[in-house]
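Here is what each chain is made of, one letter per residue.
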Amino acid sequence: LNRYGLCLVEFCNLADFVIDLYERGVITDEDTQGLVLKRDFDTARTLVEQITNREGFGDSLANGWLEVLGTIGKGSEDSAMIVKGQACIRDPRVDGVGTHEFGEITCPRGPTSAWGISSTYMPDLPVDKHKMHAERTGASKEKLERIFDSPTGINIGRYTALSEVWGSVLNILGICELNIIERFYGTAICAELYSAATGIELEPRELMKAGERSWNLLKAINAREGWSRKDDIPPAKWFSTTRRVDKELGLTDLVKS
């Protein structure tokens with residue numbers, strides 16, 4: 001994938017998608033132009049080469065998710081793990097619903113590793129640890145109360161809104177958003193670093209306001225181009241059982257809507 005310049009996330013999701021359809025008989029050898037789809041390295045390598053060279057079955061896959069779904073039809077869109085035409089990175093059926101999963105729905109770009117990062121990346125943390133992260137990343141006392149006023153301990157929607165602004169701040173400053181990096185930063189130290197580098201005194205709340213404006217601008221640009229709330233929806237597949245659950249419990253199509 002690196003040699004051909006193909007995205008790992010998009011390819012793996014797309015390959016899993018068409019192999020799943022093949023296994024269930026939704027598509028056949030006629031659709032794949034004779035290519036037998038298996039869950040092995042040889043199949044993956046063949047698909048990579050066909051997509052890159054626009055050969056055989058890979059020619060249609062090279063056009064991306066939306067055209068693939070339109071070509072296959074047969075209700076295949078319900079099996080696609082995509083938002084805004086891009087493959088999801090996290091699966092809430094496996095990882096639970098944190099800010100990263102929720103952020104895949106609301107991000108203007110669609111699913112990406114660069115938005116929605118928060119302490120829910122480690123879901124087994126005590127709520128107090130999540131509160132510490134939220135406070136470090138700019139939540140006021142009022143916001144803390146709203147975020148953690150939930151029967152489950154955390155209101156993920158409100159926590160995602162905070163993490164999106166915090167992510168915007170990190171992007172503005174050129175700091176990596178990955179949890180292993182961003183955990184060493186907070187709004188206070190970021191404001192100090194900005195002031196030291198530019199000579200412009202900036203309070204943490206002003207930095208968060210800049211991050212909020214940056215995020216609002218992204219959403220406004222999407223709205224200008226015709227995107228709306230109807231595009232901020234989770235994939236239907238999120239509401240189905242996983243293959244592991246199907247196999248262990250003998251369940252299929254547990255949830256239809």
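Computed from a predicted model, the values in this text were never measured in an experiment.

### Concerning the confidence of the model for the protein
Part 1 of the reasoning: Mean pLDDT for the protein: 90, with 94% of residues reaching 70 or above.
Part 2 of the reasoning: Within the model, pLDDT remains below 50 along residues 248-257, and this stretch shows 8 contacts once partners closer than five positions in the same chain are excluded.

### Notes on the packing of helix H1 (residues 8-23) against helix H4 (residues 65-72)
Part 1 of the reasoning: H4 packs onto H1 with a crossing angle of 10° between their chain directions and a minimal axis gap of 12 Å. In terms of orientation, H1 lies roughly parallel with respect to H4. Between H1 and H4, the residues in contact are Glu 10, Asn 13, Leu 14, Phe 17 and Leu 21 and Trp 65, Val 68, Leu 69 and Ile 72, respectively.
Part 2 of the reasoning: Tallied by class, the residues present in the contact of H1 with H4 amount to 7 nonpolar, 1 polar and 1 charged.

### Structural notes on the packing of aromatic side chains
Each aromatic ring pair is described using two quantities: the centre-to-centre distance and the angle formed by the ring planes.
Part 1 of the reasoning: Counting across every chain of the model gives 3 aromatic pairs.
Part 2 of the reasoning: Here Phe 17 and Trp 65 contribute two aromatic rings whose centre-to-centre distance is 5.2 Å and whose plane-to-plane angle is 55°, an arrangement assigned as tilted. Of this pair, Phe 17 sits in helix H1 while Trp 65 sits in helix H4, and the two are 48 residues apart along the sequence.
Part 3 of the reasoning: Taking the relative accessible area as the measure of exposure, Trp 65 reaches 4% and is therefore buried.
Part 4 of the reasoning: The interplanar angle of 65° and the centroid separation of 4.8 Å between the aromatic rings of Trp 115 and Trp 215 together place this pair among those described as edge-to-face. Separated by 100 residues along the polypeptide, Trp 115 in the loop between helix H6 (99-106) and helix H7 (127-136) and Trp 215 in helix H12 (residues 204-224) bring together distant segments of the chain. The pair Trp 115 / Trp 215 is uniform in exposure class, with both members buried.

### Details of a nonpolar patch on the surface
Part 1 of the reasoning: Taken together, the side chains of Leu 178, Ile 180 and Ile 181 define a hydrophobic patch exposed on the protein surface, amounting to about 260 Å² of accessible area.
Part 2 of the reasoning: Mapped onto the elements, Leu 178 comes out in the loop between helix H9 (156-173) and helix H10 (179-182).
Part 3 of the reasoning: By relative accessible area, Leu 178 is classed as partly exposed at 41%.

### Overview of H1
Part 1 of the reasoning: Taking 1.5 Å per residue as the helical rise, H1 with its 16 residues ought to reach 22 Å, and the 22 Å between its terminal C-alpha atoms agrees with that figure.
Part 2 of the reasoning: Those residues of H1 that sit buried are Phe 11, Leu 14, Ala 15, Phe 17, Val 18, Ile 19, Asp 20, Leu 21 and Tyr 22.
Part 3 of the reasoning: A positive backbone phi angle near 80° is found at Gly 25, which sits one or two residues after H1.

### What about helix H2 (residues 41-53)?
Part 1 of the reasoning: Between its first and last C-alpha, H2 extends 18 Å over 13 residues, near the 18 Å set by a 1.5 Å rise per residue.
Part 2 of the reasoning: Listed as buried for H2 are Thr 43, Leu 47, Val 48, Gln 50 and Ile 51.
Part 3 of the reasoning: Against the buried residues of H2 lie H1 and helix H3 (57-61).
Part 4 of the reasoning: Note on H2: the residue one or two positions beyond its end, Arg 54, has a positive phi of about 50°.

Quick notes on the rules
- Residues numbered from 1 in each chain as written.
- Predicted model: local features only at pLDDT ≥ 70, side-chain atom pairs only at ≥ 80, totals over all residues.
- Heavy atoms only, no water.
- pLDDT = per-residue confidence, 0-100.
- Contact = heavy atoms within 4.5 Å.
- Axes fitted to C-alpha atoms, helices over the stretch in contact; angles between N-to-C directions.
- Helix = DSSP H or I, 4+ residues; strand = E, 2+ residues; numbered from the N terminus.
- Parallel < 35°, antiparallel > 145°, perpendicular 65-115°, else oblique.
- Nonpolar A, V, L, I, M, F, W, Y, C, P; charged D, E, K, R; others polar.
- Phe/Tyr/Trp six-rings, centres within 6.5 Å; stacked < 30°, edge-to-face > 60°.
- Buried < 20%, exposed > 50% of the residue type's maximum accessible area, 1.4 Å probe, protein only.
- Patch = residues over 30% accessible without salt bridge, like charges linked within 9 Å, V, L, I, M, F, W, Y side chains within 5 Å.
- Areas by Shrake-Rupley, 256 points an atom, 1.4 Å probe, with all protein chains shown as cover.
- Salt bridge = Lys/Arg side-chain N within 4 Å of Asp/Glu carboxyl O.
- Expected span 1.5 Å × (residues − 1).

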